[in-house]
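Results of the structural survey
Spelled out, the chains give:
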Amino acid sequence: MASLLTELLANLHPLPKEVILFNKFLKMKKSTTQIHINSINRHLEQILSQELNVLELLQTKSEEKHERLIEVFLIRQKELIPHYNGYKLIIEEKVIKIIFNDDAGGYYGISTLIQIFGSAINNSSDFLLPELVINDFPDFPARGIMLDVSRDKVPTMDTLYSLIELLSSWKINQLQLYFEHTFAYEKHEIVWKNASPFTADEIKTLDKFCKEHYIELVPNQNSFGHFHRWLIHDEYRDLAECPDGYKHPFSLNKEPFSLNPTDKRVVSLLEDLYSQLLPNFTSTMFNVGLDETFDLGEGKSAEICQKKSKSYVYLEFLLKVCDLVAKFGKTIQFWADMIFQDEEIIPLIPKTTIPLLWGYEKDHPYEQQTKKLHQLGFSFYVCPGTSSWNSFTGRTYNAIENLIKAAIWGKAEDALGYLITDWGDHGHLQPLPISYIGFLVGSGLSWNSSETSQDNFRKREYVSQLLDKYIFKNQLSFSVGSLLFDIGTLPDLLGVDFPNSSGLFLTLLFPNRVDSEMILQNTTIENLEAINNKISEYLQILETNNSIKEVLAVQELIWVCKIVQISCDLGMNRIECGINRPLVSLPDIIKNPLINRLNMLIADHKVLWIKRNRIGGLEDSVRYLEKLILLLTKNKPRN
């Protein structure tokens, strides 16, 4: 019995709170099993019917003997299921009951039932269905994913539809699309014309699709820092804190970054943007950003910041935005990094706001920060990350520990939400599959943050099995889940930790930076060779199996492996020739093959990009890779 329960739980995601498994199984056959659905909720009934049809379990009446009839009852009873989004699933000989608190709870009960059916069937016409009772409810009321659609990937609607279907089956109930300049605001075309932005009609369609899957689509528009996509244009430059530019981490060039919080025209601009954006969403919340205002006090607001302090100037602007958003009847969410730079201002922030507490390293101080917000009476979110950005491969172990730590302290301090962030810094060069581990682990922890769940997600076999089952449908001849997990451990082999990024990424994208030189000074040729050997093993699996070459995720992982090979080869050559030596002075016998390989991978990057994303942003992304070619060829001596 214990082994049967273990096997069942290994196939359910997220892990239910309580499973009572009886020592009895229903022997079933697709062709002779009849399932009738009884529900007054037409939408839930339709969802269950569609899922059963996919599993070939909703048959017309069979002529065969020994036919089994199962009645499925969908019952909403809040008095029996007290928890928000909670449900009870009962599987008995002739009856299956899903009793739920709210309609979303019914949907989650259906999702669990379909997972049980799918695991039991396992491509067989005869199967055993366990009799059981599941009592289940979430640890966090809000369980979200935030996708960066501004740097530089703007996903197609089909990509988003597929993600929404997957994430909702994992009991995610909130989605945010991070906007800087990728919404088609009227009269601001110069900002978004090359970005393939979302239109108002597309957002309305997406909002409706999300609601049908019990997901809240929350608007997200950064409104203070990260405004450089606007401020680089002459029409908006005068609204910048530093109109002549500021060296910030998110561009190759010096440029204006933050809005000037003391300029009244800024509030008027934001009011215009909000009035166009917010009516397309039915959500009552709005993420206004306000993070990473690096240049605050470095330009036009310098005098007032010296007089009042940067923190109080920031607070005053936050309060202006609060007043503005109140006109639209929305509750403000905002990133909490700036208020923790001077905790004296935190008690002055309205308790009606929702601070979003982000941190992306395995040792982020979630304990202290969550306790502070809880003690002061805030409703807040913890916002860990997928650790996919600033890397080609992801950072598997950092992601898992970061996600676990956020869940532990978010739950302990009664966080309202758990928002998994997936950024696209510096060209969004990581393909979508690199984020799957973060989505999987984070969705599991946001529903069930127990020690059992934490321990499971630290296990390579457990994570890999779930990825293979729910992402790749166990259709490939090897475990792509295991490969994804292992690829994300490659940065660890460098022997050099670097926050919020991978050394393999930095040394290739920014070879002239001090941190890149530091990485190469602290790693070895042997470490880079070890990574290359692993990559060769992965490519042997990926490239020699003709049956999988057409799978998009496989093509993307081949690209990842080959770009990491170039990073390793460049690193080894620089160590051998001298780390401080200009790249252009490397011997042609080294440079020319690297340039040729990079050009081929740039071409592949363009092809893969448009299979999931819109064309806008691709040129900006490619520029990051082309920069290395320029460094290798600039002022190249004549032969």
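Structure's up top.
What counts, and at which threshold
- Residues numbered from 1 in each chain as written.
- Predicted model: local features only at pLDDT ≥ 70, side-chain atom pairs only at ≥ 80, totals over all residues.
- Heavy atoms only, no water.
- Core = buried A, V, L, I, M, F, W, Y, C linked by side-chain atoms within 4.5 Å.
- Buried < 20%, exposed > 50% of the residue type's maximum accessible area, 1.4 Å probe, protein only.
- Helix = DSSP H or I, 4+ residues; strand = E, 2+ residues; numbered from the N terminus.
- Contact = heavy atoms within 4.5 Å.
- Lys, Arg positive; Asp, Glu negative; His and termini not counted.
- Salt bridge = Lys/Arg side-chain N within 4 Å of Asp/Glu carboxyl O.
- Pairing = 2+ DSSP bridges.
- Axes fitted to C-alpha atoms, helices over the stretch in contact; angles between N-to-C directions.
- Expected span 1.5 Å × (residues − 1).
- Parallel < 35°, antiparallel > 145°, perpendicular 65-115°, else oblique.
- Left-handed = near helix turned anticlockwise from the far one by under 90°.
- Nonpolar A, V, L, I, M, F, W, Y, C, P; charged D, E, K, R; others polar.

1. A word on the nonpolar core
With 154 residues, the main nonpolar core has Leu177, Tyr274 and Phe392 as its most contacted residues. By residue number, the principal contributor to this core is helix α21 (residues 552–577), which donates 13 residues. If near-sequence neighbours (up to four positions away) are discounted, Tyr274 is found in contact with Ser223, Pro279, Phe286, Val288, Val321, Leu324, Val325 and Phe328. Judged by nonpolar contacts, the second largest core, of 38 residues, contains Leu57, Leu74, Ala104 and Trp447.

2. Examining the environment of His13
Mapped onto the elements, His13 comes out in the loop between α1 (2–10) and β1 (18–29). By relative accessible area, His13 is classed as buried at 0%. Along the sequence, His13 and Thr489 sit 476 residues apart, while their C-alpha atoms lie 23 Å from each other. Apart from residues lying up to four places away in sequence, His13 is in contact with Gln115, Ser169, Trp170, Lys171, Leu440, Ser443, Gly444, Phe457, Leu466 and Tyr470.

3. Re the environment of Lys562
With respect to the helices and strands, the residue Lys562 is situated in helix α21. Along the backbone, Lys562 and Pro249 are 313 residues apart, and their C-alpha atoms lie at a distance of 26 Å. Other than its neighbours up to four places away in sequence, Lys562 contacts Leu539, Glu543 and Leu601.

4. What to know about the side chain of Asp207
Considering the arrangement of structural elements, one finds Asp207 in helix α6 (residues 200–212). For Asp207, which is buried and forms no salt bridge, the nearest opposite charge comes from Lys211, at a distance of 5.1 Å. Sequence-distant contacts of Asp207, that is, excluding residues within four places in its chain, are made with Leu217, Asn280, Phe281 and Thr282.

5. Regarding the environment of Leu273
Mapped onto the elements of the fold, Leu273 is located in helix α9 (residues 264–277). In the structure, Leu273 is positioned 85 residues away from His188 in sequence and 9.4 Å away in space, judged by C-alpha atoms. Once residues within four sequence positions are removed from consideration, Leu273 is found in contact with Tyr185, His188, Phe227 and Trp230.

6. A word on the sheet that holds strand β2 (residues 33–38)
Strand order across the open sheet formed by six strands is β1-β6-β4-β5-β3-β2, with mixed pairing between neighbours. Lying at the two open borders of the sheet, with one neighbouring strand each, are β1 and β2. The sheet shows a mean angle of 20 degrees between the axes of neighbouring strands, direction not considered. Strand direction decides the pairing type here: β2 and strand β3 (residues 68–76), joined by six bridges, are parallel. If you follow Thr33 over to β3, its bridge partner there is Arg68. Docked against the sheet, helix α3 (residues 103–121) engages β1, β2, β3, β4 (87–91), β5 (95–100) and β6 (126–136), running at close to 150 degrees with respect to β6.

7. Quick look at helix α22 (residues 588–612)
The terminal C-alpha atoms of α22, which comprises 25 residues, lie 36 Å apart, in line with the 36 Å expected from a rise of 1.5 Å per residue. Every buried residue of α22 is listed here: Ile590, Lys591, Leu594, Ile595, Leu598, Leu601, Ile602, His605, Leu608, Trp609 and Arg612. In the core, the buried residues of α22 are packed alongside α4 (157–169), α14 (436–447), α21 and α23 (618–633).

8. With respect to the sheet that holds strand β9 (residues 216–218)
Spatially, eight strands are ordered β9-β8-β7-β14-β13-β12-β11-β10 in an open sheet, and the strand pairing comes out parallel. With partners counted over all chains shown, the strands left at the sheet margins are β9 and β10 (285–287), one partner each. Across the sheet, the mean angle from the axis of one strand to that of its neighbour is 25 degrees, orientation sign disregarded. Sheet analysis places β10 next to strand β11 (residues 331–335), joined by three bridges and oriented parallel. Note on β11: the bridge partner recorded for Met285 is Thr331. Contacting β8 (174–178) and β9, α6 runs over the sheet at an angle of about 145 degrees to β9.

9. Some words on the packing of α4 against α6
Their axes nearest at 11 Å, the elements α4 and α6 cross at an angle of 20 degrees. On the basis of the axis angle, α4 is roughly parallel to α6. With respect to the hand of their crossing, α4 and α6 are arranged in right-handed fashion. Every residue of α6 that contacts α4 at Met157, Leu160, Tyr161, Ile164 and Glu165 is listed here: Glu202, Thr205, Leu206, Phe209 and Cys210. In terms of residue class, the contact of α4 with α6 is built from seven nonpolar, one polar and two charged.

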